[in-house]
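# Fold and geometry: a report
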Amino acid sequence: MIKVLVVDDDFMVAKVHSGYVARVPGFEVVAAAHTGTEVVHAVEELRPDLVLLDIYLPDVDGLSVLRQLRAHPTADPDVIVITAARDLDTVRGAIRGGALHYLIKPFSFEALRDQLEAFRALHTKLSELPGDAPAEQQDVDRLFGTRTRRATPPKGLTNETADIVERILREATEAGGDLSATECAEASELSRVSARKYLEHFTDTGRAEVRLRYGGTGRPERRYRWST
């Protein structure tokens, strides 16, 4: 499980965001913090993998907290900023402080889910690299591609249809199976070509995995699973 610390000065907002996190498989909220001091203490004690960090805190601003976390000698969690702050100085400060992403409140469950799943894909890829060997360029490209993946479909694909294909692929994966483009097309009432475009988009952005099933003759069949 990926451990998450939720930070917000508003207790109810922190509760809502904690509920969002709990709905995403593979993540657990280890605590909620409401001040900068609480954040530092919680990080030292609980060692979360990810901090969802608000900017407007009653004792110290979130960017100062971010700098403290980056300077900590032992605890160094990844951070996604979640805030109502829209000024460019704050956005720049978050980027320079090493935040993985910046979500402007209020945001939907789907927006946060996309960022959590991007983080999980990055977390998984990092764990798969050998710790005692130098990284190759293709390894670095894969990691940075995951970190900056696009949540919205490219030109020619729509969010509405992407949601349908995602739901079908999720259901198949949760049932322990996978899908071909043909099977996805039948379930979604899309053409096979359209279904495959969406499936490949999910694969390219790290949200789905593909494996090849070899038969007797011809090219191997591509089988898709949602990344969990």
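The structure we're discussing is the one just above.
Here we summarise the structure given alongside this text.

Analysis parameters
- Residues numbered from 1 in each chain as written.
- Predicted model: local features only at pLDDT ≥ 70, side-chain atom pairs only at ≥ 80, totals over all residues.
- Heavy atoms only, no water.
- Helix = DSSP H or I, 4+ residues; strand = E, 2+ residues; numbered from the N terminus.
- Buried < 20%, exposed > 50% of the residue type's maximum accessible area, 1.4 Å probe, protein only.
- Contact = heavy atoms within 4.5 Å.
- Areas by Shrake-Rupley, 256 points an atom, 1.4 Å probe, with all protein chains shown as cover.
- Salt bridge = Lys/Arg side-chain N within 4 Å of Asp/Glu carboxyl O.
- Core = buried A, V, L, I, M, F, W, Y, C linked by side-chain atoms within 4.5 Å.
- Expected span 1.5 Å × (residues − 1).
- Arc of directions from axis to C-beta.
- Polar contact = N/O pair within 3.5 Å; in protein donor to acceptor, adjacent residues only side chain to side chain.
- Pairing = 2+ DSSP bridges.
- Axes fitted to C-alpha atoms, helices over the stretch in contact; angles between N-to-C directions.
- Parallel < 35°, antiparallel > 145°, perpendicular 65-115°, else oblique.

## Description of the overall build of the chain
- Counting its secondary structure elements, the chain contains nine helices and seven strands.
- Sorting the 228 residues of the chain into buried and exposed places 45% on the buried side.
- A fraction of 61% describes how many contacts in the chain between residues 6 or more apart in sequence connect residues 24 or more apart.
- Surface exposure of the chain reaches about 12,400 Å², of which carbon and sulfur atoms provide 52%.

## Remarks on the environment of Val79
- Structurally, Val79 can be placed in strand S4 (residues 78-83).
- Using a relative accessible area of 0% as the deciding quantity, one classes Val79 as buried.
- Taking the C-alpha atoms as reference points, Val79 and Leu100, separated by 21 residues in sequence, lie 6.0 Å from one another.
- Among residues more than four places away in sequence, those in contact with Val79 are Leu50, Val51, Leu53, Leu66, Leu69, Arg70, Ala99, Leu100 and His101.

## A short note on the pattern of salt bridges
- All told, the structure shown has 18 salt bridges when counted by the stated rule.
- Of the charged contacts in the structure, one is a salt bridge between Glu171 and Arg167, with a shortest N-O distance of 3.7 Å. One end of the pair is Glu171 and the other is Arg167, both in helix H7 (residues 159-174) and four residues apart, which spans about a single turn.
- Arg213 is the salt-bridge partner of Glu221, the closest N and O atoms lying 3.9 Å from each other.
- On the basis of relative accessibility, which here comes to 32%, the residue Glu221 falls in the partly exposed class.
- Judged by relative accessible area, Arg213 falls into the partly exposed class, the value being 38%.

## Things to note about the nonpolar core
- Counting residues in each nonpolar core, the largest one holds 21 residues, and the members touching the most others are Leu5, Val7 and Val39.
- Only strand S1 (2-7), helix H2 (36-46), strand S3 (50-53), helix H3 (62-71) and S4 provide two or more residues apiece to this core.
- Top contributing element to this core by residue count: H3, with four residues.
- Excluding anything up to four places from it in sequence, Leu5 contacts Val30, Ala31, Ala32, Ala33, Val39, Ala42, Val43, Pro48, Leu50, Val51 and Leu52.

## Observations regarding helix H1 (residues 11-22)
- Taking 1.5 Å of rise per residue, the twelve residues of H1 would be expected to cover 16 Å, and the 16 Å separating its terminal C-alpha atoms lies within 8% of that figure.
- Within H1, burial applies to Ala14, His17, Ser18, Tyr20 and Val21. Projection of H1 onto a plane perpendicular to its axis shows the buried side chains occupying an angular sector of 155°, all on one side. Turned more than 90 degrees away from the buried face of H1 sit Met12, Lys15 and Ala22, all of them exposed.
- With a side-chain oxygen positioned 2.8 Å from the backbone nitrogen of Met12, the residue opening H1 is Asp10.

## Description of the sheet that holds strand S5 (residues 101-104)
- Spatially, S2-S1-S3-S4-S5 is the arrangement adopted by the five strands of the open sheet, whose pairing is parallel. If you trace the sheet from one side to the other, it starts and ends with strand S2 (27-33) and S5, each paired once. Put simply, the sheet's adjacent strands are angled 20° from each other on average, direction ignored.
- Pairing between S3 and S4: four bridges, direction parallel. Paired with Leu50 across the strands is Asp78, a residue of S4.
- Contacts from H3 reach S3 and S4, with the element oriented near 175° to S4.

## Some thoughts on the packing of helix H8 (residues 181-188) against helix H9 (residues 192-204)
- Taken N-terminus to C-terminus, the directions of H8 and H9 make an angle of 110°; their axes are 8 Å apart at the nearest point. As summarised for this structure, H8 and H9 are arranged roughly perpendicular, according to the angle between their axes. Where H8 abuts H9, its residues Ala181, Thr182, Cys184 and Ala185 lie against Arg192, Ala195, Arg196 and Leu199.

## Description of H9
- Here H9 contains 13 residues, and its C-alpha end-to-end distance of 18 Å stays within 8% of the 18 Å for a straight helix at 1.5 Å per residue.
- Among all positions of H9, only Ala195, Tyr198, Leu199, Glu200, His201, Phe202 and Thr203 are buried.
- Along its buried surface, H9 packs onto H7, H8, strand S6 (208-213) and strand S7 (221-226).
- Gly206, located one to two residues past H9, shows a positive phi value of around 85°.

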